[in-house]
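Next come the chains, spelled out residue by residue.
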Amino acid sequence: MIIFQQRQIPVRRDEKRSQKLNFGGDVMNKRELIFIAILTLLIAFMDITGIPSVFFFNIQVADIEPFYFTLMINFLFIGIIAFLFLRMLCPKWRLGFTKIGLIVGYKKYGIIGVTVAIVGFIAFYVGLSPFDRQPSIAKVLVEGVIYYVGVAIIEELYVRGLLLNLIEKMFKKSKNSALIAVILSSVIFGGGHIFGVLNQSLLVIVSKVVWTVGMGMFFGMVYKKTSNLWLPIIIHFLINVGALPYCFSSISGYADLTLYIVIPLYIILGIYSFMELKKEAVV
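Since the model is a prediction, treat every value here as computed from it, not as a measurement.

## Some remarks on the pattern of salt bridges
Thinking step 1. A complete count under the given rule lists four salt bridges for this structure.
Thinking step 2. Measuring nitrogen to oxygen at the nearest pair gives 2.7 Å for the salt bridge that ties Lys139 to Glu143. Pair noted here: Lys139 and Glu143 are both in helix α5 (residues 137-170), with a separation of four residues, about one helical turn.
Thinking step 3. By relative accessible area, which is 4% here, Lys139 ends up buried.
Thinking step 4. In this structure Glu143 comes out as buried when scored by relative accessible area, which is 7%.
Thinking step 5. Salt-bridge contacts for Arg160 lead to Glu156; the nearest nitrogen and oxygen are separated by 2.6 Å. In this pair, Arg160 and Glu156 both sit in helix α5, four residues apart, roughly one turn of the helix.

## Quick look at unusual backbone geometry
Thinking step 1. Here Ile51 and Pro52 are connected by a cis peptide whose omega angle stands at 10 degrees.
Thinking step 2. By the secondary structure assignment, Pro52 is in the loop between α1 (2-49) and α2 (53-56).
Thinking step 3. Here the bond from Ser129 into Pro130 is cis, since omega is -5 degrees, no more than 30 degrees from zero.
Thinking step 4. Considering the arrangement of structural elements, one finds Pro130 in the loop between α4 (102-128) and α5.
Thinking step 5. Its identity is not glycine, yet Ala62 carries a phi of approximately 50 degrees, on the positive side.
Thinking step 6. Within the secondary structure, Ala62 sits in the loop between α2 and α3 (66-89).
Thinking step 7. Accessibility expressed as a relative area gives 57% for Ala62, which makes it exposed.

Reading the values: rules and limits
Residues numbered from 1 in each chain as written. Predicted model: local features only at pLDDT ≥ 70, side-chain atom pairs only at ≥ 80, totals over all residues. Heavy atoms only, no water. Salt bridge = Lys/Arg side-chain N within 4 Å of Asp/Glu carboxyl O. Helix = DSSP H or I, 4+ residues; strand = E, 2+ residues; numbered from the N terminus. Buried < 20%, exposed > 50% of the residue type's maximum accessible area, 1.4 Å probe, protein only.

The following block contains the structure:
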């Protein structure tokens, strides 16, 4: 009996030590999730409001609208803050800025992204014709291309890289955690685009939300399928550049013809993305 008790004592100590380690890991995980939630909200606030750049920068170059420079400078602030925040407080958080899965993912989903971008360009071109502006090359490059590089990187960083992963970890006990995360992050992504169309008709507001939710579903699906954040960033950029015709028009809204083309496109894209994720969840 004495020998038996001596053998059991180390085992019990090991169990207590293991429990302490697990508890410590849980605390660290919860703390990490809180930090990520704070960072996500901070970036979203800065992205939507343009703060702090909107208070300090008003750069006028040629015929380029000053607020584009303001927002691009704000993107730099967001990038620096996100880098330092993650580096110091959440060093183990994986965003997906890697080469792994990029080529394979682009071969599988790139053609879809390019097709959507081309159809979107046609929809905007047809809806805005005839054009009434002759912008400078600088305006087209800055407002129609360079600006959207920042938009794609920042939005994918905090919507897919942070928010989507955060939601998935919160629902980690569910076998559909990835699907839930993609849906919820896409709805939030769509809702965030309301602010840019509040001065337009209800039809435009609803349409904007519907198509950005469908867009978000596709980006989220691609991200989860490849574990690579560069791929949705690239596709996001290509789709946004499809709005290039706006540089040649004084119209800021959306023509009915444009909506008739774009809305069905993104509804189909959203359903396709849902089915791809659901298929993986079932398997």
